[in-house]
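An overview of the molecular structure
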Amino acid sequence: MRKPCCEKKETNKGAWTKQEDQKLIDYIHKHGEGCWSSLPLAAGLLRCGKSCRLRWVNYLRPDLKRGNFGEDEEDLIIKLHALLGNRWSLIAGRLPGRTDNEVKNYWNTHLKRKLMKMGIDHPDNHRLTAGNNPLLNKPITSKPAVISFTNPTINYGVESKKTALCIVPDLNLDLTIGPPPLP
DNA sequence: AATTCAATCAACCGCCTCAAG
DNA sequence: CCTTGAGGCGGTTGATTGAAT
């Protein structure tokens, strides 16, 4: 079994202090994101490199948006999750200013629950509760591609009147994965 | 006001991949 | 090839906060 990356040294754990944050910010402003394993020593931090990277990527980066997710962001997450599954970093890559951790947390706390309320009892694979919806009692032959969005037009539709349908096995999501947009 | 419960989210853990030696 | 270590990722935990009783 591999040793943990920071077994060699005593390192701080838990919440970061303001001073630690500042040290990390200062160091990265001066030297850029480089070798995370040697960063803590160089920056005067008693943290392991992984912890520094995580703190920077998820919290200190200046281009982070933070705050509530917009409806368009929600839709995009649902759409991308249907396509990619739990590939949070890929999903986050399509949401400027959002991190994988943030997207993952948002999915687990808000969206999962929201989809379940809409009758999708397996939000992880975007399957609707068959018993609730006669349309769905047909066998699904291929991997369900799912879904719904408030914007553009289709909704999961369990409750919405304007809805069309919800699971379309071979639905073309008209979504291509490319490099994330430039900042 | 005090207590309990639920929701949220920052941070950790362990695994995987990949490049360097 | 094989080994090693760094970086990155997804799953999970636990502290904190807010709401309900």
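These lines cover the structure that appears in this document, whether it is placed above or below. For clarity, every value in this text was computed on a predicted model and none was experimentally measured.

This paragraph deals with the overall build of chain A. Each helix and strand in chain A was counted, giving six helices and zero strands. Along chain A, helices (α) and strands (β) appear in the sequence α-α-α-α-α-α when read from the amino end. Going through the 183 residues of chain A one by one, you find that 38% of them count as buried. Considering only residue pairs separated by 6 or more positions, chain A has 54% of its internal contacts joining residues 24 or more positions apart. For chain A, the accessible surface area stands at approximately 11900 Å², while carbon and sulfur atoms represent 54% of it.

Taken together, 16 residues sit near DNA strand B, with Lys 13, Gly 14, Lys 50, Arg 55 and Arg 66 positioned nearest. Between DNA strand B and the protein, one listed contact pairs a base nitrogen with a side-chain N or O atom of Asn 105 at 3.1 Å. If you list the elements that add at least two residues to the surface near DNA strand B, you get helix H3 (49–60) and helix H6 (100–117). A total of five residues in the surface near DNA strand B trace back to one element, the largest contributor, which is H6. Of the residues contributing to the surface near DNA strand B, the split by class is three nonpolar, six polar and seven charged.

So, on to unusual backbone geometry. The backbone of Arg 66 sits at a positive phi, close to 60°, despite the residue not being glycine. Here Arg 66 is to be found in the loop between H3 and helix H4 (71–84).

Turning our attention to the packing of H4 against H6. The contact between H4 and H6 brings their axes to 11 Å, and the two run at 90°. In terms of orientation, H4 and H6 fall into the roughly perpendicular class. Along its contact with H4, which presents Glu 74, Ile 77, Ile 78 and His 81, the element H6 presents Val 103, Tyr 106, Trp 107, Leu 111, Lys 114 and Leu 115. Of the residues that constitute the contact of H4 with H6, the class distribution is seven nonpolar, one polar and two charged.

The rules behind each value
- Residues numbered from 1 in each chain as written.
- Chains lettered and ligands numbered in written order.
- Predicted model: local features only at pLDDT ≥ 70, side-chain atom pairs only at ≥ 80, totals over all residues.
- Heavy atoms only, no water.
- Helix = DSSP H or I, 4+ residues; strand = E, 2+ residues; numbered from the N terminus.
- Buried < 20%, exposed > 50% of the residue type's maximum accessible area, 1.4 Å probe, protein only.
- Contact = heavy atoms within 4.5 Å.
- Areas by Shrake-Rupley, 256 points an atom, 1.4 Å probe, with all protein chains shown as cover.
- Near = heavy atom within 4 Å.
- Polar contact = N/O pair within 3.5 Å; in protein donor to acceptor, adjacent residues only side chain to side chain.
- Nonpolar A, V, L, I, M, F, W, Y, C, P; charged D, E, K, R; others polar.
- Axes fitted to C-alpha atoms, helices over the stretch in contact; angles between N-to-C directions.
- Parallel < 35°, antiparallel > 145°, perpendicular 65-115°, else oblique.

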